[in-house]
Every structure is written in structure tokens, then in C-alpha cells.
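# Residue-level structural notes
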Amino acid sequence: MAESVSSQTPSLSEQYHLEKEVKPVEVAPEVTTTQAEEVETKEDSPSEEAVEDKSESPEVPSEEAPAAAEENNEENTTEEVAEETPDEIKLETAPADFRFPTTNQTRHCFTRYIEYHRCVSAKGDDAPECDKFSKFYRSLCPGEWVDRWNEQRENGTFPGPL
Amino acid sequence: MIVLKWLFLTISPCDAAEPWQLGSQDAATPIMQGIIDLHHDIFFFLILILVFVLWILVRALWHFHYKENAIPQRIVHGTTIEILRTIFPSLISMFIAIPSFALLYSMDEVVVDPAITIKAIGHQWYWTYEYSDYNSSDEQSLTFDSYMIPEEDLELGQSRLLEVDNRVVIPAKTHLRIIVTSADVPHSWAVPSSGVKCDAVPGRLNQISILVQREGVYYGQCSEICGTNHAFTPIVVEAVPRKDYGSRVSNQLIPQTGEA
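Note that this is a predicted model, so its numbers are computed, not measured. (Residues numbered from 1 in each chain as written. Chains lettered and ligands numbered in written order. Predicted model: local features only at pLDDT ≥ 70, side-chain atom pairs only at ≥ 80, totals over all residues. Heavy atoms only, no water.)

## Examining the overall build of chain B
Put simply, the rule is: The secondary structure listing takes helices from DSSP runs of H or I that are at least 4 residues long and strands from runs of E that are at least 2 residues long, numbered from the N terminus. When we talk radius of gyration, it's over C-alpha atoms, and the globule rule is simply 2.2 Å times the number of residues to the 0.38. Think of it in three bands: residues with accessible area under 20% of the maximum for their type are buried, residues over 50% are exposed, and the middle band is partly exposed, with areas taken using a 1.4 Å probe on protein chains only. Throughout, a contact is declared for two residues whenever any of their heavy atoms are within 4.5 Å. Note on charges: Lys and Arg go in the positive column, Asp and Glu in the negative column, and His and the chain ends are not counted at all. Lys charges are placed at NZ, Arg charges at CZ, Asp charges at CG and Glu charges at CD.
Assigned secondary structure in chain B consists of three helices and ten strands. In chain B, the order of α-helices and β-strands from amino to carboxyl end is α-α-β-β-β-β-β-β-β-β-β-β-α. A compact globule built from 260 residues would reach a C-alpha radius of gyration of about 18 Å, whereas chain B, at 25 Å, exceeds it by more than 25%. Its C-alpha atoms give chain B principal-axis dimensions of roughly 85 × 50 × 45 Å. The buried share of chain B, reckoned over its 260 residues, is 41%. Pairs at least 24 residues apart make up 63% of the contacts formed inside chain B by residues separated by at least 6 positions. If you average the places of the 16 positive and of the 28 negative side-chain charges in chain B, the two averages end up 11 Å apart.

## So, helix α3 (residues 106-123) of chain A
All names here are of chain A. Stated precisely, the cut-off is as follows: Here the expected span of a helix is defined as 1.5 Å times the quantity of residues minus one.
Between its first and last C-alpha, α3 extends 26 Å over 18 residues, near the 26 Å set by a 1.5 Å rise per residue. Counting buried residues along α3, 13 of its 18 residues qualify, which places the element largely inside the surrounding structure. Looking one or two residues beyond α3, the residue adopting positive phi is G124, at roughly 100°.

## Looking at the state of the cysteines
Residues and elements named next belong to chain A. Formally: Cysteine sulfurs are considered disulfide-paired once they come within 2.5 Å of each other.
The tally for this structure, following the rule as stated, stands at two disulfides over all chains. The disulfide bridge from C119 ends at C130, spanning 1.9 Å between sulfur atoms. Taking the sign of the torsion about the S-S bond as the criterion, the disulfide between C119 and C130, at about -85°, is left-handed. Pair noted here: C119 is in helix α3 and C130 is in helix α4 (residues 129-140), with a separation of eleven residues, a long-range link. No difference in accessibility class separates C119 from C130, as the two residues are buried.

## Concerning the nonpolar core
For the record, the criterion: Here the nonpolar core consists of buried residues drawn from Ala, Val, Leu, Ile, Met, Phe, Trp, Tyr and Cys, with membership extended through side-chain atoms lying within 4.5 Å.
Ranked by size, the top nonpolar core spans 36 residues in total, and within it W127, Y129, Y131, I170, W189, V237 and Y245 of chain B carry the most contacts. Considering each element in turn, this core owes the most residues, four residues, to strand β10 (residues 234-240) of chain B.

## Regarding the domain arrangement of chain B
Residues and elements named next belong to chain B. As a reminder of what qualifies: In this document the domain limits rely on a domain assignment from an automatic tool or a database. By convention, the term buried area covers the 1.4 Å-probe accessible surface removed from two parts as they join, with the contributions of both added. In protein, a polar contact requires one atom able to donate a hydrogen and another able to accept it; more generally it is a pair of N or O atoms within 3.5 Å, and residues adjacent in sequence count only if both atoms are side-chain atoms. Residue polarity follows a fixed list, in which Ala, Val, Leu, Ile, Met, Phe, Trp, Tyr, Cys and Pro are nonpolar, Asp, Glu, Lys and Arg are charged, and the others, Gly among them, are polar.
In terms of domain boundaries, chain B breaks down into domain 1 (30-70 + 78-108) and domain 2 (116-253). On the side of domain 2, seven residues touch domain 1, which itself brings four residues to the contact. Approximately 390 Å² of surface area, both sides summed, lies buried where domain 1 meets domain 2, with 63% of it carried by carbon and sulfur atoms. By the criterion of area lost to domain 2, the three top residues of domain 1 are P30, I31 and M32, representing 91% of everything that side buries. Inspection of the domain 1/domain 2 interface yields zero residue pairs in polar contact (both at pLDDT 80 or more). Each residue belonging to the side of domain 1 that touches domain 2 can be placed in one class, and the counts come to four nonpolar, no polar and no charged.

## Here's the deal with the confidence of the model for chain A
Residue and element names in this part refer to chain A. Threshold: What pLDDT expresses is the predictor's confidence in each residue, scored from 0 to 100.
With 51% of its residues at a pLDDT of at least 70, chain A reaches an overall mean of 65. Ranking the elements of chain A by mean pLDDT puts helix α2 (residues 34-38) last, at 40, and helix α5 (residues 143-155) first, at 93. In the predicted structure, residues 1-6 sits below a pLDDT of 50 and forms eleven contacts with residues beyond four places in sequence or in another chain.

In C-alpha cells, the structure reads:
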């Protein structure tokens, strides 16, 4: 591809070389004390779909190591967000859940969806704790499934323990 | 001045099926490299056994002649050879099984949390890709269909039955999770260079974790019979440098031409 050619074509070993991910990794921004901590560099780069209200700050550049406090109390371990240049897209997603170690992730998606709605019914619609569940189920579940479940919830026919 | 490394410019990795191809495509992920290495390990023992068996067979046929060897031997027991011919195949089986199981279990191990999740949803007869890590409400941030480019619309240099209009753009050297499912009938999402083949079953989400180690464009095809155009639902994965990934995804709504 044209974009990989800089001043010289990288050798095969350079191509395969993985950069060490020793940079402090970012915690998921939808954690409760999000914006104050995470926002080190405000990026105003326009991005149609990537910019959300709470995660306007992209992954923080490595030189500034913010408090990478691990507040996700569940199985969330560190997520790979370390990126050299700040970008409007944050590279993070639902982490690997030890409750669902196998290839079949159907239950994982379903469980995250239910967890989100249980959180919302317990804490209210705009609780920031529930945001991370919503991100998880949106990452994992196909849009059609989510739409169908939303419809079922409205009709009262949702087959899950909400 | 002739620099040795310029020779590499003439070598392009094989990331798509070639006519009359005999071996595997070039590996782009550790999984595929492991598969290729395992293949080489097993092939060594295979050649040993093949030569040995052929030698004995041909030798027996050659010497089985009513005049040359009129009296055949009639041996029915032989403790030593029976022990040896039990032990050696067991050893060979063990030497094959050890790397095989090592690869099998390491393929399933999820060592690092993935950085992004991409959903590949099979339809008759195209793929839909969803990148939903970035949206804050239930509408998807990025969903697009990926249809094969028909032969009459191909440009010069493109591959027949392999090119698509919208490619899956992924960042290289990044751990990804790909969730494969189907909206109608079973399909299978396969990219040989990445060592990936994952069935797309309706009602089920299958997860695969890959780490593409080099930039490039990788081709694959649907691998589960799904109807009339099963042969015409290819998959194209484009691995871009990680820092370019963000802008590529943002621009994804602009339709890509055949060759970026």
C-alpha cells in the first residue's frame, strides 16, 4: 500500500516487529470519574461518528501518563488504548470476559445487554455507571439483535431476566 | 550501488489465491505462522514414513518373482520387530501431537484484551461489517455492506471473484476481536493469510482473536455453502498502519475505489 512507504520500504523483520506496549494503558473512559481525569489533550478534530460527548479526549499520548486507576471492578483488565498520535477514534472495546472463555459469545452479548438494562432500572437512565455496559453490548451485539430486543422490551415480550 | 534489500521490493507477499497454487498463502498473523510451522513439522515425518513405506513396498514387489525367489519366507512371529513397529509409530505420533496441541490451545488463548471489535454478519450473498465501538446510542456508528465487484466492473490488475467494494479496514499490529454471525443461512468467514476460518451461524456469535502483523490487503472467500452465489461472496481485509486507522474509519462512508 502506498501509505506504508516512507523514506524506505521496511524490511520484513521491521514489518513484523510489534512495538512494545509498555506505554501506560488507558482505562475505559466511561468510568465514573471520566472526563476530569482523562482529558489531558482536548482534540477538536472533527469526526462524524467517533466523537461521543464523554469521550471527546482521545487516547492520551504516551508521554502524559495520567492516573491509570483501574476502576473497573469487574473482569476489565487493561485495555489497549496506547496510541502514538492522538486520534479521534479511541481503540477500546469490551474486554475478554472470563465468564465466557469459549468461541461462542452469544451469551456474553446477551448478558451485557441485560446487565445494562438492570443497571438502568436500578440507577436511572442517565447513570454514568451504566454507560460502560452500554458500550459493551453495542460492541458485541449485532445491531439487528439489539433492535429486536428493544422492540421486545417495549412489547413486554423480552425473554430475559431484566 | 546495488543494495541487497532492494531485492525484497520484487517480492510481494501472497495474500490471495494464486492460480495453480500449491502451498499456503503467506502468514500475516501468529496463528497462521504457527499453522505453517506445524505443517512443516508434520511434513517432515510424513516424508520419512512415505519413503520408508514405499521402499518396503517396491522392494517386496520387485523381489516377488517365481523364478528369482522361488521360496518365499514364511515368518509369522518376531518379537523384536513387533516391539519396534509399535514403539516407533507411537513416538512419531507423539512428535506430531506435541506441536499440534501446543498450537491448538494457544490459538484459543486470549492473552490480551482486544482493542477493537468488528462484527462480520453474513447475508446471502454479501457481508455486512459493523464497527460499533464508538457510538453512544443504539444506532451503529459504522455499518456497511461488502459486495463482490462483478467481473465486468473490474479494473486492470484486480482479482476476479475476490474484490469487493468496501473492504474491512483494520489497524495492523493490534489485537482484534472479530464476531462472526449470520442473518439468514450459515456462512463462513475465512481469510487464509490470517489463518482465520470461522463459521457464521444464525443466532450465534462466534469470536475470533487475531493480530495482523503486517500491513497489506488480504483476500478470502465464503467457506460454507449458502446458496446460489456462495462462490461470489469474498472477504477483503485491509490492514493499515495504526495511526492511519482513525482517519480511515472516519472516511469509511466515502466509497472506496478499487485500488486506494
